[in-house]
Amino acid sequence: MILVSISILEVMQTELEDILNGCKEQNEKSQDLLYSRYSSLFFAICLRYLKDREDAEDLLHDSFIKIFDKINSFSGEGSFEGWMKRILVNNCLNYLKDKKKVLKIENELWVEREEPVFELAVNESMDIDPAVLMEMIQKLPVGYRTVFNMFVMDGFDHKAIAEKLNISEGTSRSQLLKARRYLKDKLTDYLKDERKKYKY
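The shown structure was predicted, so the numbers you read here are calculated from the model rather than taken from an experiment.

Colleague: Honestly, the overall build of the protein chain in this entry has me stumped. Any pointers?
Modeller: Helix and strand counts for the protein chain stand at nine helices and zero strands. When the helices and strands of the protein chain are listed from N to C terminus, the series reads α-α-α-α-α-α-α-α-α. Across the protein chain, every contact between residues at least 6 apart in sequence was considered, and the portion connecting residues at least 24 apart equals 70%. Surface accessibility of the protein chain: about 12400 Å² in total, with carbon and sulfur atoms responsible for 48%.

This is the structure we're talking about:
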């Protein structure tokens, strides 16, 4: 079980390399430090893929157990955080597959077209609350949400998405396009409502 009894100051002051070396020796304090340092960030990633907070918490816990089990396989090349994130995201995808919550995505014909950049003409003084954006992402249909998260948020290309989800690259592109359109519409509506609040 992961126990967190570490102060924020102690987490900040401990170098990641020292934490990593301690975790390789299965030192419980080092494991607690690593968990404290990354649990909030990784929980947010779990929530992007899964709507249910309890499922996200379970996946977070399971992912850290896998990280601790596999930590000696980290070669030291590249980003350690990136290595952990790959384990976390793969764990989320495997959960969705096992629960049959995703991948009933039918392969679609893809007509090559320019994909719109995910942008809005937003007044620079108006910030969108990250929690609002997170809620919108969570409300995406599961296929859209999974592909959007993998491509936009976690840096997978369409080939990798197609391989992991057992769909065609065209379907991956189509799901992403639909997700972007959905979010753009929702954000546009949200901003209109926000502007109305400031009109007298």
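Colleague: Can you walk me through the nonpolar core in this structure?
Modeller: Soluble globular proteins tend to pack their nonpolar side chains together in the buried interior. If you look at the biggest cluster of nonpolar residues, it comprises 49 residues, and the most contacted ones within it are Leu34, Phe42, Tyr49, Phe64 and Ile67. Setting aside chain neighbours within four positions, we find Phe42 in contact with Leu60, Phe64, Ile67, Glu81, Met84, Lys85 and Leu88.

Colleague: I keep staring at the packing of helix H8 (residues 158-165) against helix H9 (residues 169-197) and nothing clicks. Help me out?
Modeller: Axis angle and axis distance: for two packed helices, these are the angle between their axes and the distance between the axes, and together they describe the pair. In the contact formed by H8 and H9, the axes pass within 8 Å of each other and the chain directions differ by 105 degrees. If you check the angle between H8 and H9, you find them roughly perpendicular. Contacts between H8 and H9 involve His158, Lys159, Ile161 and Ala162 on the former and, on the latter, Glu169, Ser172, Arg173 and Leu176.

Colleague: Help me out: how do you make sense of a negative patch on the surface in this one?
Modeller: A cluster of acidic residues, Asp52, Glu54, Glu57, Asp58 and Asp62, forms a negative patch at the surface. Tracing the backbone shows Glu54 in helix H4 (residues 53-70). Since its relative accessible area comes to 58%, Glu54 is described here as exposed.

Colleague: How should I be thinking about the pattern of salt bridges in this particular structure?
Modeller: Between side chains of opposite charge, pairing is possible as soon as their charged atoms come close. Going through the model one piece at a time under the given rule, you end up with two salt bridges. Here Asp154 ties to Arg48 by a salt bridge, and the two come within 3.0 Å at their closest N and O atoms. Of this pair, Asp154 sits in the loop between helix H7 (142-153) and H8 while Arg48 is found in helix H3 (residues 28-49), placing the two residues 106 residues apart along the sequence. In this pair, the class of Asp154 matches that of Arg48, namely buried. Here Glu135 and Lys139 are joined by a salt bridge, their closest N and O atoms 3.2 Å apart. The class of Lys139 is exposed, set by a relative accessible area of 51%.

Colleague: It is not clear to me how the environment of Gln26 should be interpreted in this structure. Could you clarify?
Modeller: Among the structural elements, Gln26 can be located in the loop between helix H2 (16-24) and H3. Sequence-wise, Gln26 and Ile71 are 45 residues apart; in three dimensions their C-alpha atoms are separated by 9.4 Å.

Colleague: Can you help me understand the state of the cysteines in this one?
Modeller: Such a bond, covalent and formed between the sulfur atoms of two cysteines, is termed a disulfide. Evaluation of the coordinates by the stated rule reveals zero disulfides. No disulfide involves Cys46; its sulfur sits 4.0 Å from the nearest other cysteine sulfur, which is in Cys92. Cys46 sits in the buried class, given a relative accessible area of 0%. The class of Cys92 is buried, set by a relative accessible area of 0%.

Colleague: Can you help me understand the side chain of Arg48 in this one?
Modeller: A relative accessible area of 7% places Arg48 in the buried class. The contacts of Arg48, once residues within four sequence positions are left out, are Met134, Ile137, Arg145, Asn149, Met153 and Asp154.

Colleague: Would you mind showing me how to read H8 here?
Modeller: For an α-helix the count is 3.6 residues per turn, leaving residues at separations of three or four pointing the same way. Those residues of H8 that fall on the buried side of the exposure criterion are His158, Ile161, Ala162 and Leu165. End-on view of H8: buried residues confined to an arc of 100 degrees, all on one side of the axis. Contacts from the buried residues of H8 go to helix H5 (80-98), H7 and H9. After H8 finishes, the residue Asn166 shows a positive phi value of roughly 60 degrees.

Colleague: Is there a simple way to explain the side chain of Ser39 in this structure?
Modeller: Inspection of the secondary structure puts Ser39 in helix H3. You can call Ser39 buried: its relative accessible area is 13%. Setting aside chain neighbours within four positions, we find Ser39 in contact with Leu60 and Phe64.

So, how was this worked out
- Residues numbered from 1 in each chain as written.
- Predicted model: local features only at pLDDT ≥ 70, side-chain atom pairs only at ≥ 80, totals over all residues.
- Heavy atoms only, no water.
- Helix = DSSP H or I, 4+ residues; strand = E, 2+ residues; numbered from the N terminus.
- Contact = heavy atoms within 4.5 Å.
- Areas by Shrake-Rupley, 256 points an atom, 1.4 Å probe, with all protein chains shown as cover.
- Core = buried A, V, L, I, M, F, W, Y, C linked by side-chain atoms within 4.5 Å.
- Buried < 20%, exposed > 50% of the residue type's maximum accessible area, 1.4 Å probe, protein only.
- Axes fitted to C-alpha atoms, helices over the stretch in contact; angles between N-to-C directions.
- Parallel < 35°, antiparallel > 145°, perpendicular 65-115°, else oblique.
- Patch = residues over 30% accessible without salt bridge, like charges linked within 9 Å, V, L, I, M, F, W, Y side chains within 5 Å.
- Salt bridge = Lys/Arg side-chain N within 4 Å of Asp/Glu carboxyl O.
- Lys, Arg positive; Asp, Glu negative; His and termini not counted.
- Charge placed at Lys NZ, Arg CZ, Asp CG, Glu CD.
- Disulfide = S-S within 2.5 Å.
- Arc of directions from axis to C-beta.

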